Amino acid sequence: MERADAEELLRTLFSDPEESRRRAEAELVPDPDPAVASIGHQVAAIVLRDVGRTDDALAHLKHALRLAKGVDGDREADVRATLGSTLVHVGRTRAGLAELDRATAGLEGVPLARVLVRRARVRAFYFAELEASLHDLRRAVAILEDSGDEIWLARALNLVGWTSAGLGDLVAARRAFDDSLAIHEALGQQSAAAINVHNHGWLAYLEGDLPRALELYADADARFDAVGVTSPELVYDRCTAYLAGGLASDALGVVERALVARPLLAVERADLLIALAGAALDAGDTDRARSAADEASRLLRGQGRRREWVAAELLAVTARRGATDRPGRLLARMEEVVDAAREAGAPELPQALLVGAGLAARVSSDRARGLGDRWLEEAAANRLAPLGTTRALGWLARARQGAAVGDTSAVLRACERGLTALDHHRATLGSQELRARTSVHGSDLAELGTRTALASGDARQLLRWAERWRATTIAVPAARAGHDPDTSTDLAALRALHQRLAEAHAAGEPTDRLQARVTRLEQSVRQRLLHARGAEQSAQGVDVGALLAALAADDTVLVELTEVDGVLHALVAGRGRVRHRVGGDAAAASRAVDFSLFTLRQAARGRRAQVDVAGRRLQDALLGHALDGVGDARFVVSPTTALQGVPWGVLPDLADRPFTTAPSARLWLRARSAAPHGDRRVMVVGPGLGSGGAEVPVIAADDPSAEVLDGDDATAAATLAALDGASLAHVAAHGRFREDSPLFSSLSLADGPLLVHDLQQLRHPPHRVVLSACESGVLAPVGDQELLGLSAALLSMGTAGVVSALAEVDDAATVEVMVALHTALRKGVGLGEALHAARSAAGTDPVLTATAASFTAMGT
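Residues numbered from 1 in each chain as written. Predicted model: local features only at pLDDT ≥ 70, side-chain atom pairs only at ≥ 80, totals over all residues. Heavy atoms only, no water.

Asker: Explain unusual backbone geometry residue by residue, including any values.
Answerer: Not every positive phi belongs to a glycine, and Asp555 is a case in point at roughly 50°. For Asp555, the position within the fold is in the loop between helix H29 (544-553) and strand E1 (556-564). A positive phi is found at Asp565, a non-glycine position, where the angle reads about 55°. As for its position among the elements, Asp565 is in the loop between E1 and strand E2 (567-574). (Helix = DSSP H or I, 4+ residues; strand = E, 2+ residues; numbered from the N terminus.)

Asker: Tell me about the sheet that holds strand E11 (residues 752-755), residues and numbers included.
Answerer: Strand order across the open sheet formed by 3 strands is E9-E10-E11, with antiparallel pairing between neighbours. The sheet is open, and its two borders are formed by strand E9 (735-736) and E11, each paired with just one other strand. By the bridge criterion, 2 bridges tie E9 to strand E10 (residues 746-749) in an arrangement that is antiparallel. The partner of Arg736 across the bridge, within E10, is Ser746. (Pairing = 2+ DSSP bridges.)

Asker: Tell me what's going on with the packing of helix H9 (residues 150-166) against helix H10 (residues 170-187), and back it up with residues and numbers.
Answerer: In a packed pair of helices, the relevant descriptors are the angle between the two axes and the axis-to-axis distance. As a packed pair, H9 and H10 sit with axes 7 Å apart at the nearest point and diverge in direction by 155°. Classified by the angle their axes make, H9 and H10 are roughly antiparallel. For the element pair H9 and H10, the recorded crossing hand is left-handed. Counting all contacts with H9, which are made through Glu150, Ile151, Leu153, Ala154, Arg155, Leu157, Asn158, Val160, Gly161, Trp162, Ser164 and Ala165, the residues of H10 involved are Leu170, Ala172, Ala173, Ala176, Phe177, Asp179, Ser180, Ile183, His184 and Leu187. Here the contact of H9 with H10 is built from residues that sort into 14 nonpolar, 5 polar and 3 charged. (Axes fitted to C-alpha atoms, helices over the stretch in contact; angles between N-to-C directions. Parallel < 35°, antiparallel > 145°, perpendicular 65-115°, else oblique. Left-handed = near helix turned anticlockwise from the far one by under 90°. Contact = heavy atoms within 4.5 Å. Nonpolar A, V, L, I, M, F, W, Y, C, P; charged D, E, K, R; others polar.)

Asker: How would you sum up the pattern of salt bridges? Please name residues and give values.
Answerer: Proximity of charged atoms lets side chains of opposite charge pair with each other. Per the stated rule, a full pass over the model turns up 50 salt bridges. Taking the shortest distance from any N to any O, the salt bridge between Glu378 and Arg342 comes out at 2.9 Å. In this pair, Glu378 sits in helix H20 (residues 366-380) while Arg342 sits in helix H18 (residues 327-344), placing the two residues 36 residues apart along the sequence. Among the residues examined, Glu378 registers a relative accessible area of 26% and is labelled partly exposed. Linking Arg575 and Asp555 is a salt bridge whose minimum nitrogen-to-oxygen distance equals 3.6 Å. (Salt bridge = Lys/Arg side-chain N within 4 Å of Asp/Glu carboxyl O. Buried < 20%, exposed > 50% of the residue type's maximum accessible area, 1.4 Å probe, protein only.)

Asker: Provide a residue-level description of the nonpolar core, including the pertinent values.
Answerer: Within the largest apolar cluster, 121 residues are counted, with the highest numbers of intra-cluster contacts made by Leu210, Leu331, Met334 and Leu547. Considering each element in turn, this core owes the most residues, 10 residues, to helix H15 (residues 266-282). Not counting residues within four places of it along the chain, the set of residues in contact with Leu210 comprises Tyr205, Ala241, Ala244, Gly245, His425, Leu429 and Leu434. If you look at the next biggest cluster of nonpolar residues, it comprises 38 residues, including Leu747, Val769, Val782 and Met797. (Core = buried A, V, L, I, M, F, W, Y, C linked by side-chain atoms within 4.5 Å.)

Asker: I'd like a description of the pairing of E2, backed by residues and values.
Answerer: When you tally the buried positions in E2, you get 7 out of 8 residues, the bulk of the element. Looking at chain direction, E1 and E2 are connected through 7 bridges and run antiparallel. Paired with Thr562 across the strands is His569, a residue of E2. Following E1, the chain reverses through 2 residues before pairing antiparallel with E2; Asp565 in that reversal takes a positive phi of roughly 55°. One ladder, built from 7 bridges, connects E2 with strand E3 (residues 577-585); its direction is antiparallel. Looking across to E3, one finds that Val572 is bridged to Arg579.

Asker: An account of the side chain of Gln602 is requested, with residue identities and associated values reported.
Answerer: Within the secondary structure, Gln602 sits in helix H30 (residues 586-604). With residues up to four places along the chain from it excluded, the contact list for Gln602 reads Arg607, Arg608 and Ala609.

Asker: Any chance you could break down the packing of aromatic side chains for me, citing the residues and the numbers?
Answerer: Under the criterion given, the structure shown has 1 aromatic pair. Note on Trp162 and Trp202: the rings are 5.6 Å apart at their centroids and 10° apart in plane angle, and the pair reads as stacked. Here the residue Trp162 occupies a position in helix H9, and Trp202 occupies one in helix H11 (residues 190-206), the gap between them amounting to 40 residues. We classify Trp202 as buried; its relative accessible area is 15%. Here Arg155 stacks its cationic end above the ring of Trp152, 4.6 Å away from the centre of that ring. Over the ring of Trp395 we find Arg383; its NZ or CZ atom is 5.6 Å from the centre of that ring. (Phe/Tyr/Trp six-rings, centres within 6.5 Å; stacked < 30°, edge-to-face > 60°. Lys NZ or Arg CZ within 6 Å of the ring centre and 35° of its normal.)

Asker: Quick one: what's the story with helix H1 (residues 3-11), residue by residue and with numbers?
Answerer: Counting along an α-helix, one turn takes 3.6 residues, and residues three or four places apart therefore face a common direction. Burial in H1 covers these residues: Ala6, Leu9, Leu10 and Arg11. Those residues of H1 that are buried lie in contact with helix H2 (17-28), helix H3 (34-50), helix H5 (73-89), helix H7 (109-127) and H9.

Asker: Tell me about the environment of Val685, and please be specific about residues and values.
Answerer: Relative to the helices and strands, Val685 resides in strand E6 (residues 681-685). Assessed through its relative accessible area of 3%, Val685 is described here as buried. It is 9.8 Å that separates the C-alpha atoms of Val685 and Asp712, two residues lying 27 residues apart in sequence. Excluding anything up to four places from it in sequence, Val685 contacts Gly692, Gly693, Val696, Leu709, Asp710, Gly711, Ala714 and Ala732.

Asker: Before we move on, can you summarise the packing of helix H6 (residues 93-104) against H7 with the specific residues and values?
Answerer: Their axes nearest at 9 Å, the elements H6 and H7 cross at an angle of 155°. Classified by the angle their axes make, H6 and H7 are roughly antiparallel. For the pair H6 and H7, the crossing hand works out as left-handed. Contacts between H6 and H7 involve Thr93, Arg94, Leu97, Leu100, Asp101, Ala103 and Thr104 from the former and Leu112, Val115, Leu116, Arg118, Arg119, Val122, Arg123 and Phe127 from the latter. Taken together, the residues of the contact of H6 with H7 sort by class into 8 nonpolar, 2 polar and 5 charged.

Asker: Can you lay out a negative patch on the surface for me, pointing to particular residues and giving the numbers?
Answerer: On the surface, Glu145, Asp146, Asp178 and Asp179 cluster together to form a negatively charged patch. Secondary-structure assignment places Asp146 in the loop between helix H8 (130-144) and H9. Residue classification places Asp146 among the exposed residues on the basis of a relative accessible area of 71%. (Patch = residues over 30% accessible without salt bridge, like charges linked within 9 Å, V, L, I, M, F, W, Y side chains within 5 Å. Areas by Shrake-Rupley, 256 points an atom, 1.4 Å probe, with all protein chains shown as cover. Lys, Arg positive; Asp, Glu negative; His and termini not counted. Charge placed at Lys NZ, Arg CZ, Asp CG, Glu CD.)

Asker: Tell me about helix H14 (residues 248-261), and please be specific about residues and values.
Answerer: In this model H14 runs 20 Å from its N-terminal to its C-terminal C-alpha over 14 residues, within 8% of the 20 Å that 1.5 Å per residue would give. Regarding H14, the residues found buried are Ala248, Asp250, Ala251, Leu252, Gly253, Val254, Val255, Ala258 and Leu259. Looking at the buried residues of H14, the elements they touch are helix H13 (232-244), H15, helix H16 (286-303) and helix H28 (512-530). (Expected span 1.5 Å × (residues − 1).)

Given below as structure tokens:
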């Protein structure tokens, strides 16, 4: 083979690495020309290195270097550059950089440019020497632009983009990434183009555009998958983006798959272990996080990768800080981490400063206090950072500074500013799930603000802070109605697959392949929706004056529960004032809820059950004397997310009066002002109900203008059309709550499940919805004080109120309860009054009483 042909194979090897290696070993290595043979060994080495066979790669490079020395200086320098990059790749960073420096000596033209590009990559990625890297790259680009070597020019431009972003010049970074991508796509370099797309995603993440980052990362992953490549860098960045969105289980899944996909280099394994530790920590698995972070730290220290070592050590310390009784040792460890983060310009510095300051506060020494004060001051400077999540960390530091000196106003002001930064960040997210899960980033700010408001003794202030970070995802209307055509097609396909699954189960046929297709389609739908952009709307705190005015107009009292340090506090708002009452232990309240639900299930089955005892115990645990002296007013109860499953109808002080619940006072105000689109009623009966939807014919007989969908007519499409803009919708259908993915919760209809995702296609949500099936009101607490599920989705779209069951209910008793409910609704009363009428109609019958108490009304 001619030398020019061999050099072309070296230049283009990444277009098909395995085929390039095959040709190199078969045609170039045996060639008698030492230049051609040297290139053959070099090509083989690069491919072997990238698949993890580093010993074989280094052996080929030794042969290549020995041959190149007998050819010319350019050939020797090129091999040395590859050897240097490979040594760095396997952890021998200093030796690798030395080889790269030797390679540049005496070179000029294109050979020099290629070595400069490789050295720039090492300087940027492994030594964080960004200015020196950019200097090398500018020299290389100036040479390559006049050389006609577009492949190396595209590689250089990609690195220019990465380095420019690291130096804060995002405009130059985007321009360089765009130019590089255009060249790679024009040349058909698919793997290299995937890297460019990945880098565009990383740039979007730096700019705070999380949906765009997730979309581009998914695009890059698909491109890599098409050419059979796994990119550890992409895995790490996808994991980081998922964690920024509060999606710890998704992050764990990405990194776990990558760890077993193929053999890994020590450098790659270290990067993935950092990602694994971060995901495990967010998922609450501190043991796994500690183990992964420790291993990554050992590997990275040996590789001399100081910047990445900071991330591993920060995770290792964070995983230990809650359990250690020796904070002094961890503090000493954090001093090294903070110094290294500052020196390397690591993005983890703000978090490291806050973790370190927290440890310093636990050590009783003047030195520790001084260190903590300095770290908080440095962390507070980040309140002007471009990323909303980083700004929030800066404001958290400022709030902790205020708390240290007892400045209540400073604490609350800083906490508010930090949460506002996160509000703006979350408003860019179109996915309800993503908005809910990202609320975890505000938990420390919300907790500190609420605790400070409690200590102030100002009940109105405490109510504002109990509201500030509660159910903000539901309180913000859905970003946009409808889905793109691909999503709608996938949802229809999911419905058909679920039908086939049900038929296969009934026939006793294998379902593994069908279930796998369902899982793949669900993942496709979910990922596409995570990429949706928000409408730049954000929920702020409640106006207590406006709330009190609305409550007075309706002769209603709001009782909002909040938890501070394991104790429940009740804020009773109404009749022009807000009162604060201390409740009971939150853990005891949770046990009382479980007991009450168990009691209701027993009663619904006709067994002996002390529902009155369970109700009294539950009231004492949740409300204590909060309702004393409020007279005959209507009630709205706004519980914590952990208490959304409370059957409030069993509480003695609530059973005999109208009441509703609401995830937040802010949402109750919004629901109160919602107006129906006309006066159209619809009733839907799904298949397989024990009662057969027996209440529907009875209710419809008294409401002949209502539209009824039953049997084969009750399809998903027909139901969606009927629900759109309905003033009242009654749905008698089995519900399935998906705790693993609440937005895939569903109602069973004639042609398969109607998903929460389907409901988001509605132009106008139904004004009020009654769900009569068992456990149809189950909601999942996610993130921090957020909820996901069927009722939450309806409320977020603008539905004013939802009646649903929180426990198992008796079929026959449900018919009577629903008939009484609708009889009251036809008289024009609200949901609270209608449910009160249904409870009253139950009389003393224990099964009827338990069934009526199992239903709750959320909203108005």
